[in-house]
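Residue-level structure breakdown
Spelled out, the chains give:
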Amino acid sequence: MLDFLGDLKRTHMCGELRASDAGSKVVLMGWVNRRRDLGNIIFLDLRDRSGITQVVVTADAGAEVHDKANAVRSEFVLAVIGHVKLRDAGTINKNISTGEVEVVADELRLLNDCKTLPFSPSDSVLANEEVRLKYRYIDLRRPDLQRNIQLRHKVSIAIREHLNAQGFYEIETPFMTRSTPEGARDYLVPSRVYPGEFYALPQSPQLFKQILMISGFDKYFQIVRCFRDEDLRADRQPEFTQIDLEISFARPEMVFHTVEGFLKAAFSTIGVDLQTPFPQMSYDQAIRLYGIDKPDLRLPCMADVRHAFTSENLEALHIDAELPVVAIVIPKVGEPTRKERDEIKTMFGERKDAKVFEDIKRLEKSFPEAAAKVREIAKPNAEDLLVVVAGAKRTEPATASKARQQAHAVHSAAGQLRLALGQKYAERHGAFKQGNFRLLWVTDFPMFEWDEAEGRWNAAHHPFTSPHDEDMDKLESDPGAVRSLAYDVVLNGTELGSGSIRIHRQDIQSKIFKAMGMSPEEQQARFGFFLEALQYGTPPHGGIALGLDRIVMILAGADSLREVIPFPKTAKAVDLMVDAPTPVSERQLKELGIAVVEKKDV
């Protein structure tokens, strides 16, 4: 028989009681984490989000209380009225915050029972992830997830408080807007009132936050939900939360200072004091030194060693003299075995554009002077692994644009190998241990990237990013050489956020659209409202958006965003708990003027 709560009020959370509370009468409420029956004495570990308290039910409490305690099982919901007692010295539990005390029950109220569980929140071995997501309300009771969601709350509050103190207004932007594709597919919402027409869920509040700058709000932020219908990975979800901000009359340094401030506040929630300002490097430097535009600074950068080789050396090794030759150093690996060297070649893979020299000692036998210079430039310690990656000999000359792409490919191949080796030998070098946080700004990204399939230039970030002033004259003559005032904040090889100084002039915005192959008619159809708004006194402005989910994932030391989002989707964008997406009735479809057709393979 279940009991009613009545007018009973909780006096303490389960994780709050301490030795100083001994002798106090208390009322606790929560879930039974574990039950141990010793006959005349029954122990119940009562749990809520704050922690666990041990409840003791003895024969002195009376038959009714004892019978109730005998009937409860894991995850039953109880109210306990009792008094706090110090534990005997030999029974103190140092693993929990309440371990010096226990509550001797005078009364129990059984508020609800629980079906047989598909898994227990107290299990040390996790259930299959699909089962966990289907029963997410049980999974969320696990202490790890409770801590992660609490951390998410603390991080959000810290960021809000910091930005409020800096004079930012938190302003909500619409969820139902027009479709303005930004690189990923939109989630579309059909309109019943306007059959055949659709709203789109925002991929970001980009245009609205720029319009807020036109409207004179000066500093805007929002912790906002965004939606992208794209393929998923461990660090992607179809709906996600970002920290979005915009500043009028901004230069990049103003945005950097703001972001560094609120990240410092966010990291302080786990007791980490971030050192600011963060270092900066250009996109070109990042590619040259790390082979990637989101460098992981925890490992040494790559070194340019092409000049260690003579032209005769390069010819003999079938290395192209005009392409990069870079050295990779991974600390504290020791002398690799033959098997490990073969594994390095397997990691690198069969490539036509680049080649790997995984055995520096073998290189030394044939080219001792070159190998000595490589060591001199790369500066490995005796116990470090040294690997060289070079551009393979080309069979025909290339244009300047093609040569840049080929050099980029060599750096990229070396960068991928560097990270793969870093992961393989993580236990040896220790650079990837939790708590080693290395942040930086990457700046001056290319304004455009060439789309081979479409035969046109696309915006590398988004088309509202401003080019460098000195590169304006290249918009038509050499779009590939135009640098943007775009910047990313990167942590340990993960992009936390991306932003830019925006275009605030209508004439320049039209030039950017034109450079992307957009006709005046297409510009008006897609962005006419925004082009018009730019003509009404738009101030210079800039901003950024950072992924809150990703920040919390890193702070929590989690491997997946699903560990820090209360109700995530699977890798196939399915919500197993509520069984979504799901078909809707013919009546609903008819109201919307929508017919579902069978999708055929193209």
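Residues numbered from 1 in each chain as written. Predicted model: local features only at pLDDT ≥ 70, side-chain atom pairs only at ≥ 80, totals over all residues. Heavy atoms only, no water.

1. So, the overall build of the protein
- Scanning the protein from N- to C-terminus turns up 18 helices and 21 strands.
- In terms of its C-alpha atoms, the protein occupies a principal-axis envelope of roughly 95 × 70 × 55 Å.
- In the protein, which comprises 602 residues, the proportion classed as buried is 47%.
- Put simply, 68% of the contacts in the protein that link residues at least 6 apart link residues at least 24 apart.
- Accessible area of the protein: about 31,200 Å², with a carbon and sulfur share of 51%. (Helix = DSSP H or I, 4+ residues; strand = E, 2+ residues; numbered from the N terminus. Buried < 20%, exposed > 50% of the residue type's maximum accessible area, 1.4 Å probe, protein only. Contact = heavy atoms within 4.5 Å. Areas by Shrake-Rupley, 256 points an atom, 1.4 Å probe, with all protein chains shown as cover.)

2. Things to note about the sheet that holds strand 20 (residues 494-501)
- If you trace the 8 strands from one edge of the open sheet to the other, you get 6-9-10-21-20-19-16-11, paired in mixed fashion. Sheet topology places strand 6 (169-170) and strand 11 (280-282) at the edges, where each strand pairs with a single neighbour.
- Inspection of the sheet shows strand 11 paired to strand 16 (residues 439-443) by 3 bridges, in the parallel sense. Each bridged residue has a counterpart across the sheet, and for Ser282 the counterpart in strand 16 is Thr443.
- Seen against the sheet, helix 7 (residues 283-290) touches strand 11 and strand 16 and runs at an angle of roughly 90 degrees to strand 11. (Pairing = 2+ DSSP bridges. Axes fitted to C-alpha atoms, helices over the stretch in contact; angles between N-to-C directions.)

3. Side note on the environment of Ser97
- You can see Ser97 is positioned in the loop between strand 4 (77-86) and strand 5 (101-112).
- A relative accessible area of 45% places Ser97 in the partly exposed class.
- Taking the C-alpha atoms as reference points, Ser97 and Pro324, 227 residues apart in sequence, are found 57 Å from one another.
- If we ignore the near neighbours within four places in the chain, the residues touching Ser97 are Gly15, Leu17 and Arg18.
- Separated by 3.4 Å, the side chain of Ser97 and the backbone oxygen of Gly15 make a polar contact. (Polar contact = N/O pair within 3.5 Å; in protein donor to acceptor, adjacent residues only side chain to side chain.)

4. Quick notes on the pattern of salt bridges
- On inspection of all chains with the given rule, the structure shows 44 salt bridges.
- Ionic pairing is found between Arg142 and Glu563, a salt bridge with its closest N-O pair at 3.6 Å. Of this pair, Arg142 sits in the loop between helix 3 (136-139) and helix 4 (143-165) while Glu563 sits in the loop between helix 17 (548-556) and helix 18 (586-592), and the two are 421 residues apart along the sequence.
- You can call Arg142 buried: its relative accessible area is 7%.
- Note that Arg338 and Asp342 form a salt bridge whose closest N and O atoms lie 3.4 Å from each other. Placement of the pair is Arg338 and Asp342 together in helix 9 (residues 338-348), with a separation of 4 residues, close to one helical turn.
- Residue classification places Asp342 among the partly exposed positions, given a relative accessible area of 34%.
- What emerges from the salt-bridge pattern is a single network uniting Arg132, Arg136, Asp139, Arg142 and Glu563. (Salt bridge = Lys/Arg side-chain N within 4 Å of Asp/Glu carboxyl O.)

5. Digging into the environment of Glu495
- As for its placement among the helices and strands, Glu495 is situated in strand 20.
- Distance from Glu495 to Leu546, taken between C-alpha atoms, is 8.5 Å for residues 51 residues apart in sequence.
- Setting aside residues no more than four positions away along its own chain, Glu495 makes contact with Lys294, Asp488, Val489, Val490 and Arg550.

6. With respect to the sheet that holds strand 4
- An order of 1-2-3-5-4 is seen for the 5 strands of this closed barrel, with the pairing classed as mixed. Looking at each pair of strands side by side, their axes are set apart by 55 degrees on average, direction ignored.
- Here strand 1 (residues 25-37) runs beside strand 4; their pairing, made up of 7 bridges, is antiparallel. In the strand pairing of strand 4, Val27 is matched with Ile81.
- Strands in contact with helix 1 (residues 63-71) are strand 1, strand 2 (42-48), strand 3 (51-57) and strand 5; relative to strand 5, the strand with the most contacts, it is inclined by about 75 degrees.

7. Considerations on the packing of aromatic side chains
- Enumeration according to the criterion identifies 12 aromatic pairs in this entry.
- Their ring planes at 85 degrees and their centres at 6.3 Å tell us that Tyr135 and Tyr137 sit as a pair that is edge-to-face.
- Overall, Tyr135 belongs to the partly exposed group, its relative accessible area being 25%.
- When the centroid spacing of 5.5 Å and the interplanar angle of 80 degrees are considered together, the rings of Phe464 and Phe530 count as edge-to-face. Of the two residues, Phe464 is situated in the loop between strand 18 (456-459) and helix 14 (474-477) and Phe530 in helix 16 (residues 520-533); the sequence distance between them amounts to 66 residues. (Phe/Tyr/Trp six-rings, centres within 6.5 Å; stacked < 30°, edge-to-face > 60°.)

8. Let's talk about the packing of helix 9 against helix 12 (residues 400-424)
- The contact between helix 9 and helix 12 brings their axes to 10 Å, and the two run at 135 degrees. The angle between helix 9 and helix 12 falls in the class oblique. Two packed elements cross with a definite hand, and for helix 9 against helix 12 that hand is right-handed. Residues Glu343, Ile344, Met347 and Phe348 of helix 9 touch helix 12, and the partners they reach there are Ala413, Leu417, Ala420, Leu421 and Lys424.
- Among the residues making up the contact of helix 9 with helix 12, the classes are represented as 7 nonpolar, no polar and 2 charged. (Parallel < 35°, antiparallel > 145°, perpendicular 65-115°, else oblique. Left-handed = near helix turned anticlockwise from the far one by under 90°. Nonpolar A, V, L, I, M, F, W, Y, C, P; charged D, E, K, R; others polar.)

9. Some words on the nonpolar core
- Membership of the largest hydrophobic core comes to 42 residues, with the highest contact counts inside it found for Phe262, Leu263, Val489, Leu496, Ile544 and Leu546.
- Here this core takes 7 residues from helix 6 (residues 252-267), the largest share from any one element.
- Contacts of Leu496, omitting those with residues within four sequence positions, involve Leu263, Leu439, Val489, Val490, Leu491, Ala545, Leu546, Gly547, Arg550, Ile551 and Ile554.
- Core analysis: the second largest hydrophobic core is formed by 23 residues, Cys14, Leu44, Val57 and Val84 among them. (Core = buried A, V, L, I, M, F, W, Y, C linked by side-chain atoms within 4.5 Å.)

10. Examining a nonpolar patch on the surface
- Residues Phe175, Met176 and Tyr199 make up a contiguous nonpolar surface patch of roughly 280 Å² in combined accessible area.
- Here Met176 is to be found in the loop between strand 6 and strand 7 (187-190).
- In this structure Met176 comes out as partly exposed when scored by relative accessible area, which is 46%. (Patch = residues over 30% accessible without salt bridge, like charges linked within 9 Å, V, L, I, M, F, W, Y side chains within 5 Å.)

In short, geometric facts, not functional conclusions.
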